[in-house]
Amino acid sequence: MAAYDFRTVPHIHVGRGATAQLSRVCASLIGNARRIFLVTDAGVRKLGLIDAAVESLEAAELDVHIFDQVVADPPKDVVLMAEDQARAFGAEIVIGLGGGSSMDTAKLIALLLGSDQALEDMYGVNNATGPRLPLVLIPSTAGTGSEVTPISVITIGESTKMGVNAPPLYADIAVLDAELTLGLPRAVTAATGIDAMVHAIEGYTSRIEKNPISDSLALAGLRKLHGAIERACLVGDDVQAREDMLTGALLAGQAFANAPVGAVHALAYPLGGVFHIPHGLSNSLMLPPVLRYNAEAAEPLYAELASHLGLHASTDGLVEEMERIADVVGIETRLSQLGISHNDLPRLAEEAMDVKRLLVNNPRDMTLDAALACYEAVL
Ligand SMILES: [Zn+2]
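Residues numbered from 1 in each chain as written. Predicted model: local features only at pLDDT ≥ 70, side-chain atom pairs only at ≥ 80, totals over all residues. Heavy atoms only, no water.

(A) Quick look at a nonpolar patch on the surface. Taken together, the side chains of M1, Y4 and I213 define a hydrophobic patch exposed on the protein surface, amounting to about 330 Å² of accessible area. By relative accessible area, which is 36% here, I213 ends up partly exposed. (Patch = residues over 30% accessible without salt bridge, like charges linked within 9 Å, V, L, I, M, F, W, Y side chains within 5 Å. Areas by Shrake-Rupley, 256 points an atom, 1.4 Å probe, with all protein chains shown as cover. Salt bridge = Lys/Arg side-chain N within 4 Å of Asp/Glu carboxyl O. Buried < 20%, exposed > 50% of the residue type's maximum accessible area, 1.4 Å probe, protein only.)

(B) Representation of helix α12 (residues 315-329). For α12, with 15 residues, the first-to-last C-alpha span of 21 Å sits near the 21 Å given by 1.5 Å per residue. Within the sequence span of α12, burial applies to T315, G317, L318, V319, E321, M322, I325, A326 and V329. At the C-terminal side of α12, G330 shows a positive phi close to 75 degrees. (Helix = DSSP H or I, 4+ residues; strand = E, 2+ residues; numbered from the N terminus. Expected span 1.5 Å × (residues − 1).)

(C) Main features of the nonpolar core. F37, I201, L267, L271, M286, M366 and Y375 are the most contacted members of the largest nonpolar core, which has 112 residues in total. Among the elements that line this core, the one with the most residues is helix α11 (residues 279-308), at eleven residues. With residues near it in sequence (within four places) discarded, F37 still touches H65, F67, A82, Q85, A86, F89, A91, I93, V94, I95 and I109. Counting residues in hydrophobic clusters, the runner-up holds 24 residues, among them V54, L62, V64 and I95. (Core = buried A, V, L, I, M, F, W, Y, C linked by side-chain atoms within 4.5 Å. Contact = heavy atoms within 4.5 Å.)

(D) Representation of the packing of helix α8 (residues 212-234) against α12 within the structure. One way to put it is that α8 packs onto α12 with a least axis distance of 10 Å and a crossing angle of 15 degrees. The orientation of α8 with respect to α12, classified from their angle, is roughly parallel. Where α8 crosses over α12, the two elements pack in a sense that is right-handed. Contacts between α8 and α12 involve H226, I229, E230, C233 and L234 from the former and E321, R324, I325, V328 and V329 from the latter. Here the contact of α8 with α12 is composed, by residue class, of six nonpolar, one polar and three charged. (Axes fitted to C-alpha atoms, helices over the stretch in contact; angles between N-to-C directions. Parallel < 35°, antiparallel > 145°, perpendicular 65-115°, else oblique. Left-handed = near helix turned anticlockwise from the far one by under 90°. Nonpolar A, V, L, I, M, F, W, Y, C, P; charged D, E, K, R; others polar.)

(E) Spotlight on the coordination of the zinc ion. The protein atoms that coordinate the zinc ion are D195 (OD), H199 (NE2), H265 (NE2) and H279 (NE2), at distances of 2.1 to 2.2 Å. One chain supplies every donor for the zinc ion, spaced along it as D-x3-H-x65-H-x13-H. On the criterion of sequence distance, the pair formed by H199 in helix α7 (residues 186-204) and H279 in helix α11 is long-range, its members being 80 residues apart. (Donors = N, O, S within 2.8 Å, 3.2 Å for Na, K, Ca; no water.)

(F) Geometry of the sheet that holds strand β4 (residues 93-98). If you walk across this open sheet you meet the six strands as β1-β9-β6-β4-β2-β3, and the pairing is parallel. Either end of the sheet is taken by a strand with one partner, and the two such strands are β1 (11-14) and β3 (63-67). Between one strand and the next, the sheet's axes are offset by a mean angle of 20 degrees, whatever the strand orientation. Across four bridges, β1 lies against strand β9 (residues 173-176) in parallel orientation. Its bridge partner being in β9, I12 is matched across the sheet by A174. (Pairing = 2+ DSSP bridges.)

(G) Region of the structure containing the layout of surface pockets. Volume-wise, the second largest pocket comes out at about 270 Å³. Lining of the second largest pocket is provided by S159, T160, K161, G163, Y269, P270, G273, E351, D354, V355, K356 and R357. Of all the secondary structure elements, the ones that give two or more residues to the lining of the second largest pocket are β8 (160-165), α10 (263-275) and α14 (356-359). (1 Å grid on protein atoms, 1.4 Å probe; cavity = no way out; pocket = protein on both sides within 12 Å on 5 of 7 lines; lining within 4 Å. Points joined across faces, edges and corners; volume = space filled by probe spheres on them.)

Here you go:
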């Protein structure tokens, strides 16, 4: 096969209650630095999920500035506001603690403060050059895998998504603390968990950069997630199920960081941009129709994934299992349940066709008509 690169985060720490030990876990990275800029959102802060981390850092006599204004699909203005605060504070280290949006914002802050590149010059693949400030990422949901990807997605204007994708966005340390995720509501656990499964599935079938290392991670991640998602949703305080979800999401993240996702994500993005449907739910909705469309090109790979999970080795085996899981965990499976009507579909399909950076990875060419048919199939 062709030569390939595989990259990932150099230090991953997994431990229940790890955030209470954060200053110790990150001691070598922190070194003599004193000013820590912590990026999160107001919901995560209100739930007390940053408290143990902040206490650990302050007990080590570090000065912590908390930026808690991240919102879903973070707008550029929020990133620039965080940048201003981080500069005024004199941030030396950046920590992102929260969902994908908080981690994506933290990555950009580390990059903006560490290099003299403007945000506009970073958009796209391999345009951000770094260097960046030291960066620690701690997920509070098991889904995006953002703690091990080199990607930040932000929103420009009303609904345009722009991505920064470059190796300097790999963090120095990713910390998985299952205790942070014990209180996640069932709907969030379900949607983010299915999103992580989509990362594994799309990474495994990525047309261009799929490779033996990303394949192994996708398979291992998908199996972990599949084994834990129902229990994590139905018995929310099962810490082993929660840790398996976090681990599975990380493995899937390592896979798709190197073998990028395709049309499920491309068709999911406009649902977030136009209707503010959460990323995980958008992907869960679009998975079945896109996989059925892709089957013509990807049937053998979907069959491998299905058989790896002990299912009937076919696209149908895999898709029907994903539909069963969505049903068991009780999340929406139709666009009409979310207030989307037939008249909205052409706009969604047109916007999906603009997500070219992902469509090129899809195992089958996605056309406007096919995209429209995918939305219609789940209306
Ligand atoms: Zn995703």
